[in-house]
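# Overview (structure and organization)
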Amino acid sequence: MHWSTCLVLPFSLSFVVGAVAFNARAYTIQSTSCKAVDRVLDEEVNITIDYVDVNPTAEKSIIMVHGWPSLWSSWGYQIEEFKDEYRMIAIDVRGFGGSTHPADVQSSSTLADITGDLTCVLEHIGIQSAICLGHDWGAEVCYEAARRRPDIFYALVGVTVPYLHAAGPFADSAQLAAVMPKLAYQVFFENHTTEAVAELNKDIRRSLRATLRTVNSAPPDSFLTSTSNYLSAYDNVTEISPIPFFTSSDEEYFVERFSMQKFDHTLIFYTRGNRYGTWQSTQAQGNYTIPQPVLSVLPLNDPVADWVFAAKYLKSAEFLPRLTTKTMGGAHWPHLEHPQVFNALLRAWLNTLDHSFTPVQRVLSDEL
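Quick notes on the rules
- Residues numbered from 1 in each chain as written.
- Predicted model: local features only at pLDDT ≥ 70, side-chain atom pairs only at ≥ 80, totals over all residues.
- Heavy atoms only, no water.
- Phe/Tyr/Trp six-rings, centres within 6.5 Å; stacked < 30°, edge-to-face > 60°.
- Lys NZ or Arg CZ within 6 Å of the ring centre and 35° of its normal.
- Axes fitted to C-alpha atoms, helices over the stretch in contact; angles between N-to-C directions.
- Helix = DSSP H or I, 4+ residues; strand = E, 2+ residues; numbered from the N terminus.
- Parallel < 35°, antiparallel > 145°, perpendicular 65-115°, else oblique.
- Left-handed = near helix turned anticlockwise from the far one by under 90°.
- Contact = heavy atoms within 4.5 Å.
- Nonpolar A, V, L, I, M, F, W, Y, C, P; charged D, E, K, R; others polar.
- Salt bridge = Lys/Arg side-chain N within 4 Å of Asp/Glu carboxyl O.
- Buried < 20%, exposed > 50% of the residue type's maximum accessible area, 1.4 Å probe, protein only.
- 1 Å grid on protein atoms, 1.4 Å probe; cavity = no way out; pocket = protein on both sides within 12 Å on 5 of 7 lines; lining within 4 Å.
- Points joined across faces, edges and corners; volume = space filled by probe spheres on them.
- Disulfide = S-S within 2.5 Å.
- Pairing = 2+ DSSP bridges.
- Core = buried A, V, L, I, M, F, W, Y, C linked by side-chain atoms within 4.5 Å.

## Let's talk about the packing of aromatic side chains
Throughout the structure, instances matching the rule amount to 32 aromatic pairs. In this structure, K60 packs its charged tip against the face of Y86, placed 4.5 Å from the ring centre.

## So, the packing of helix α8 (residues 204-211) against helix α9 (residues 248-261)
For the pair α8 and α9, the least separation of the axes is 10 Å and the interaxial angle reads 120°. For the element pair α8 / α9, the angle class is oblique. The two elements α8 and α9 meet at a crossing, and its hand is right-handed. Contact residues: I204, R205, L208 and R209 in α8; E251, E252, F254, V255, F258 and S259 in α9. Looking at the contact of α8 with α9 residue by residue, the classes come out as five nonpolar, one polar and four charged.

## Some thoughts on the pattern of salt bridges
Opposite charge on two side chains makes pairing possible when the charged atoms of those side chains draw close. Summed over the entire model, instances satisfying the criterion amount to 19 salt bridges. Its salt-bridge partner being D53, residue R87 comes within 2.6 Å of it at the nearest N-O pair. Within this pair, whereas R87 is found in strand β4 (residues 87-91), its partner D53 is found in strand β2 (residues 43-54), the two being separated by 34 residues in sequence. Classification of D53 as buried rests on a relative accessible area of 15%. Note that R205 is salt-bridged to E251, the shortest N-O span being 3.0 Å. One end of the pair, R205, is in helix α8; the other, E251, is in helix α9, and 46 residues separate them in sequence. Using a relative accessible area of 25% as the deciding quantity, one classes R205 as partly exposed. Taken together, the shared-partner salt bridges in this structure form one network comprising R205, R209, E239, E251 and E252.

## Looking at the layout of surface pockets
Of the volumes computed, that of the largest pocket is approximately 940 Å³. Taken together, 40 residues line the largest pocket, and the ones lying closest to its centre are L164, H165, A171, L176 and R275. Among the secondary structure elements, those contributing two or more residues to the lining of the largest pocket are α4 (137-148), α5 (173-179), α6 (184-191), α10 (272-285) and α11 (307-314). Classifying every residue of the lining of the largest pocket by side-chain character gives 26 nonpolar, 10 polar and four charged.

## Thoughts on the state of the cysteines
Using the criterion set out here, one finds two disulfides in the structure. Put simply, C34 and C120 are joined by a disulfide, and their sulfur atoms are 2.1 Å apart. Here C34 and C120 share a disulfide; its torsion about the S-S bond, -95°, makes the bridge left-handed. Taken together, the residues C34 in strand β1 (residues 30-38) and C120 in helix α3 (residues 111-124) connect sequence positions 86 residues apart. Residue classification places C34 among the buried residues on the basis of a relative accessible area of 1%. Disulfide connectivity for the chain, with bonded cysteines indexed by sequence position, reads 1-2, 3-4.

## Considering empty space enclosed by the protein
Following the criterion strictly, the structure yields one cavity of 30 Å³ or more and no others. By volume, the largest cavity amounts to about 180 Å³. Along its surface, the largest cavity is lined by 16 residues, and T211, L224, V304, H332 and W333 are the ones closest to its centre. When the residues that make up the lining of the largest cavity are grouped by side-chain class, the tally is 11 nonpolar, three polar and two charged.

## With respect to unusual backbone geometry
The omega torsion of the bond from W68 to P69 falls at -15°, within 30 degrees of zero and hence cis. Structurally, P69 can be placed in the loop between β3 (61-65) and α2 (76-82). A positive phi is found at T160, a non-glycine position, where the angle reads about 80°. Mapped onto the secondary structure, T160 falls in the loop between β6 (153-159) and α5. The phi torsion at L224 lies on the positive side, around 80°, for a residue other than glycine. By the secondary structure assignment, L224 is in the loop between α8 and α9.

## Here's the deal with the pairing of β2
Pairing analysis gives nine bridges linking β1 to β2, with the strands arranged antiparallel. Paired with Q30 across the two strands is Y51, which belongs to β2. Taking the residues between adjacent antiparallel strands as the criterion, β1 and β2 are bridged by four residues, where D42 takes a positive phi near 55°. As defined by bridge partners, β2 adjoins β4 across four bridges and the pair is classed as antiparallel. Following the sheet pairing, Y51 is matched in β4 by I91.

## Some words on the nonpolar core
Of all hydrophobic cores here, the largest spans 87 residues; its most connected members are W68, F189, Y230 and F269. In terms of residue count, α4 provides more of this core than any other element does, seven residues in total. Within the second largest apolar cluster, 29 residues are counted, among which are F22, W72, W349 and L353.

Laid out in structure tokens, this is it:
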């Protein structure tokens, strides 16, 4: 579909046909206080993590971690699919929606820090073990959570982005963009974080619509290729068409929750301090292998990057001895664009897991 056609796509036809309806407002937002570190102030602070807890009496649990720019409700199709069988916990990552953040955005949110938020929430609601399901940067949080805390996370699912291990030398955004040109926007986010936040905050709905697209409602070809701005590819577009896999209510909910804190603390995944801090702490530990079962679901049509190539280039599989990789059609948000296909892949993999042991017992039995 040509971009000009997408602009006039009727709103009523934009959401996913055949998917089970999800109403985020029907779910109660809960919250807990978690410890965090502000590395600029060099002090411990308290932050609030918002989450939704569905089917709390279920024996098996899945904690879901979104990426950028997203919220807990982006897992709506998965919640509807699995809520009768699993306890489903979906969080707003620190700095997003109702979850707060230390004042410092540059260096106070490594993947280890966000792993701490996950364990904080799980401890608060009394869960000792869980599967971690993450999309985009949320996938990297799940990889790090499983690597650091195999006593809690006995399996993980990474959606869209493969395991970006820290076994090699540190690579900043400019180095990554040299290999994958549509990561150039990350150079802007890293080097001009304040300016990037201001651009995104100018019109929150427009920023979200620009980013959350599908194969059939694609962004302009030049999107994501600038190192000096984020949205200039849309300069000739008066009004960006609605988010194609959302109903009007879904989109309104996203805009409302993003408006709570705006984009002020959401670029945590892109700052040099956080990325280097993640790499440095992992290097210090010297362990990059994740022995738990891993499902990696990679989309074939993501304008951001060829993630199948990236996984091979990074040799991610060498550090994931129990890796299952599945590919599917779709752009950057396959679990939203094609939820029925994604849910079928996820269900088939979940059915192969042994949920009867504790996490440590699972890892030990796999090594014998």
